[in-house]
Amino acid sequence: MMADYGGTSKRKILIVDDIAFNRTVLNKILGKSGYELAIATSGDQALTQLDVFSPDIVLLDFMMPGKSGLDVLRIMKADTRYRGIPVIFLTASDEMEYMTEAFNAGAVDYITKPFKAAELNARVNTQVRRLDDADAIKLKIQEQQELIHVLAHDLRNPLVACRGLVELVEAGDADILTMGPRLRQSMQKCLDTIELVRKKGLLEEDVSQLSLEPILIRREMDSVLDDFAEVMQRKGIRVINSIPEDLYVQSEHTSLNNVVFSNLVSNAIKFSYPNSKVEISATESDGIVEVRIKDYGMGIPEFLMPQIFNPRKVTRRAGTLNEQGTGYGMGLVRKLMTVYGGGIAIDSTAKSADNRNHGTTMMLRFRSAEPLAQE
């Protein structure tokens, strides 16, 4: 299954009414406002659509044959999957006496029939703004968690590399003078990551202010693979890196190396089976460079694919040897790829779906660049 390079989503509204005329009027008014709409003609259909359509808001007729709107609301509020969805009742003026009961059951508002476009849009927009505000708070909390991910996960890789180099020296298998440059490189990565978070506000709105420049991507990828050399050796992972040595892209050094490449290589190793391989390649065409990181591991289940880049979802999974992760890295990777003027896509088949042809390919698209004069 393929997850696209980008895209935005519209708020989804479920309209529940047993009268065709009412559904037509609501569909016409709200359709002009750009919402994604779905229709249910009964209480039972409404409950089915909660699973199928996953609405952000429900417009619910109060009086319907079979399950009433109040019945549907009570079922929703009793289910943790749906209790957070705001419900606006659609009611006739002679049903107003029942609204107190509806509010006590969890309704957030009501709209009286016949519908007036201005009132309908105003009441729906109020709920949309509340949802947007709540999502903004959730996103801020997740960004702080991503900050911890950067400092804990992305600093860990160069530090592990430092430890491995020191252990080689202590065991007498290497000379400190020989290991010195690699130790300095790994320690500098740690300092660069801290500085990026501290000065650039990596997870704040001003991430767009990162200074982009031509980056030699083979050099960055080789550097990241050096950090994971011990992990790859321990797991028996063979990496084939065929990125051309003269290919430049528009990017930012520290975030590309310590966050984007580091997260994707880490995931490829984590979800690969022992003694398998990872293939890394890059091609250029019409000013676009596409980097591919392909593994033959456990793959991503189809139900998780739409959530991989969703800032409201956490897709934490254990690796093939039960390696643990935070589940936050892909949202940050996508954000940075957008800042670079590019994008990211995933093509994956889970082993549970195909026991022979399984694995994941990460595809990064960059704008190509020319090297600076001094290079």
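Scope of this entry: the structure provided in the associated data block.

Cut-offs and rules
- Residues numbered from 1 in each chain as written.
- Predicted model: local features only at pLDDT ≥ 70, side-chain atom pairs only at ≥ 80, totals over all residues.
- Heavy atoms only, no water.
- Helix = DSSP H or I, 4+ residues; strand = E, 2+ residues; numbered from the N terminus.
- Buried < 20%, exposed > 50% of the residue type's maximum accessible area, 1.4 Å probe, protein only.
- Contact = heavy atoms within 4.5 Å.
- Areas by Shrake-Rupley, 256 points an atom, 1.4 Å probe, with all protein chains shown as cover.
- Arc of directions from axis to C-beta.
- Pairing = 2+ DSSP bridges.
- Salt bridge = Lys/Arg side-chain N within 4 Å of Asp/Glu carboxyl O.
- Phe/Tyr/Trp six-rings, centres within 6.5 Å; stacked < 30°, edge-to-face > 60°.
- Lys NZ or Arg CZ within 6 Å of the ring centre and 35° of its normal.

**Thoughts on the overall build of the protein chain**
1) Next: In terms of helices and strands, the protein chain carries 10 helices and 13 strands.
2) Next: The buried share of the protein chain, taken over its 375 residues, is 47%.
3) Next: The contacts of the protein chain with a sequence gap of at least 6 include a subset with a gap of at least 24, amounting to 71%.
4) Next: For the protein chain, the exposed surface amounts to about 18,700 Å²; the carbon and sulfur share of it is 52%.

**Topic: helix H3 (residues 69-77)**
1) Next: Buried within H3 are the following residues: Gly-69, Leu-70, Val-72, Leu-73 and Met-76. Relative to the axis of H3, the buried residues are bounded by an arc of 160 degrees and lie together on one face.
2) Next: Against the buried residues of H3 lie helix H2 (43-53), strand S4 (57-61), strand S5 (87-91) and helix H4 (99-105).

**What about the pairing of strand S2 (residues 12-16)?**
1) Next: Burial analysis of S2 places 4 of its 5 residues in the buried class, the great majority of the element.
2) Next: Here S2 pairs with strand S3 (residues 36-40) via 5 bridges, running parallel. Within the sheet, the bridge partner assigned to Ile-15 lies in S3 and is Ile-39.

**Topic: the side chain of Ser-251**
1) Next: With respect to the secondary-structure elements, Ser-251 resides in strand S9 (residues 248-251).
2) Next: When near neighbours in sequence (up to four residues on either side) are disregarded, Ser-251 contacts Ser-211, Leu-212, Glu-213, Ile-215, Leu-256, Tyr-340 and Phe-366.

**Some thoughts on the pattern of salt bridges**
1) Next: In the structure shown here, the tally under the stated rule is 17 salt bridges.
2) Next: Of the charged contacts, one joins Asp-132 and Arg-11 as a salt bridge, the two residues approaching to 2.8 Å between their closest N and O atoms. A residue pair is termed long-range when its members are at least 10 positions apart, and Asp-132 in helix H5 (residues 117-170) and Arg-11 in the loop between strand S1 (2-3) and S2 qualify at 121 residues.
3) Next: Linking Glu-230 and Arg-234 is a salt bridge whose minimum nitrogen-to-oxygen distance equals 3.5 Å. You can see Glu-230 and its partner Arg-234 sitting in helix H8 (residues 229-235), 4 residues apart, about one turn around the helix.
4) Next: Judged by its relative accessible area of 25%, Glu-230 falls in the partly exposed class.
5) Next: By relative accessible area, which is 59% here, Arg-234 ends up exposed.
6) Next: Bridged by salt links that share partners, the residues Arg-11, Asp-56, Asp-132 and Asp-135 form one connected network.

**Quick notes on helix H10 (residues 329-339)**
Since the α-helix turns once every 3.6 residues, residues separated by three or four places project in the same direction.
1) Next: Burial runs high along H10: 8 of the 11 residues are buried.
2) Next: Those residues of H10 that sit buried are Gly-329, Met-330, Leu-332, Val-333, Arg-334, Leu-336, Met-337 and Val-339.
3) Next: Looking at the residues trailing H10, positive phi occurs at Gly-341, about 90 degrees.

**A look at the packing of aromatic side chains**
1) Next: Under the defined criterion, the tally for this structure stands at 3 aromatic pairs.
2) Next: Directly above the ring of Phe-53 sits Lys-12, whose terminal nitrogen or CZ lies 4.7 Å from the centroid.
3) Next: In this arrangement the basic side chain of Lys-351 is found over the ring face of Tyr-273, its NZ or CZ atom lying 4.7 Å from the centre.

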